[in-house]
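# Breakdown of the fold
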Amino acid sequence: MTARWLVNLFLLALVILLGSLIRHEVNRAQTPPTLTDLIASDLLRIEIAREGEPTIRLGQSLQGWRLEAPLQIDADPARVDQLLTILNTPVHRSVPAEAAALGELGLASPKLRLRLDALELAFGGIDPVNGYRYVASAGLVQLIDDRFYHLLIAPPLDSVSRRLLPRGFAPVFGRLADVPLAANALTGLENVTAERIEPLTGDPTGTPVALKLADGTALRFLVSEDRRRWSREDVRLL
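Conventions used here
- Residues numbered from 1 in each chain as written.
- Predicted model: local features only at pLDDT ≥ 70, side-chain atom pairs only at ≥ 80, totals over all residues.
- Heavy atoms only, no water.
- pLDDT = per-residue confidence, 0-100.
- Contact = heavy atoms within 4.5 Å.
- Helix = DSSP H or I, 4+ residues; strand = E, 2+ residues; numbered from the N terminus.
- Buried < 20%, exposed > 50% of the residue type's maximum accessible area, 1.4 Å probe, protein only.
- Polar contact = N/O pair within 3.5 Å; in protein donor to acceptor, adjacent residues only side chain to side chain.
- Phe/Tyr/Trp six-rings, centres within 6.5 Å; stacked < 30°, edge-to-face > 60°.
- Lys NZ or Arg CZ within 6 Å of the ring centre and 35° of its normal.

## Re the confidence of the model for the protein
- Across the protein, the average pLDDT comes to 88, with 87% of residues at 70 or higher.
- Every residue in residues 24-29 is under pLDDT 50, and counting partners more than four places away or in other chains gives zero contacts.

## Describing the side chain of Asp74
- Tracing the sequence through the fold places Asp74 in strand E4 (residues 73-74).
- The class of Asp74 is buried, set by a relative accessible area of 9%.
- Looking at Asp74, its side chain comes within polar contact range of the side chain of Arg66, at 3.1 Å.
- In this view, Asp74 contacts Trp65, Arg66, Leu67, Ser159, Val160, Ser161, Pro166 and Arg167; residues no more than four positions away in its chain are not counted.

## Structural notes on the packing of aromatic side chains
- All chains considered together, the criterion is met by one aromatic pair.
- Plain terms: the ring middles of Phe221 and Trp230 are 5.3 Å apart, the flat faces sit at 80° to each other, and that makes the pair edge-to-face.
- Of note, Arg133 hangs over the ring of Tyr149, and the distance from its end group to the ring centre comes to 3.8 Å.

The following block contains the structure:
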């Protein structure tokens, strides 16, 4: 009796295992492939090359993403996260590149390229039937939802962090003109974010503000009279 129960239990376990394997294969067959198999947290470099526009380069460190060109400043993490959803975007259809009419698809000489570490994605035109975007990569032409093109053609300023102070910059001393800033004012500046960011043109005016870290590292601004416009001459941003 015991041996029969053991056989029955073994058969039951085998049936459950086979059922799980079948469900896994069915789900995998029904799930469309994704544009890449990259993991966002593993990436070190992003490069956006646009014809006639400055190339945008970003690098990731333990502190987060930072613009490296054409500006050197912290990147907006939400903006980068939004862009990197392209890694897992579904591919609706793909064909070998050698079998595609690249000229007609806008891929013979792509005007926009996205490089993610060693992987390059070239962006072409729009499929007139479904409105999908043609993307060439690794010998394939693939069709994806057209949700990323506007992010890739946006100006570099759109990728700049809106925080007033650089990431990890916690000042221990500050001065507005000749007046020292109180400790609570310094702490408050760490949480200030910009309503908008603009290029700094001409010669900036305003009251000088100097902020310093414990090691003496300084960050300087010129602040308007109403305290709403903060200019950084080192990166030419307002």
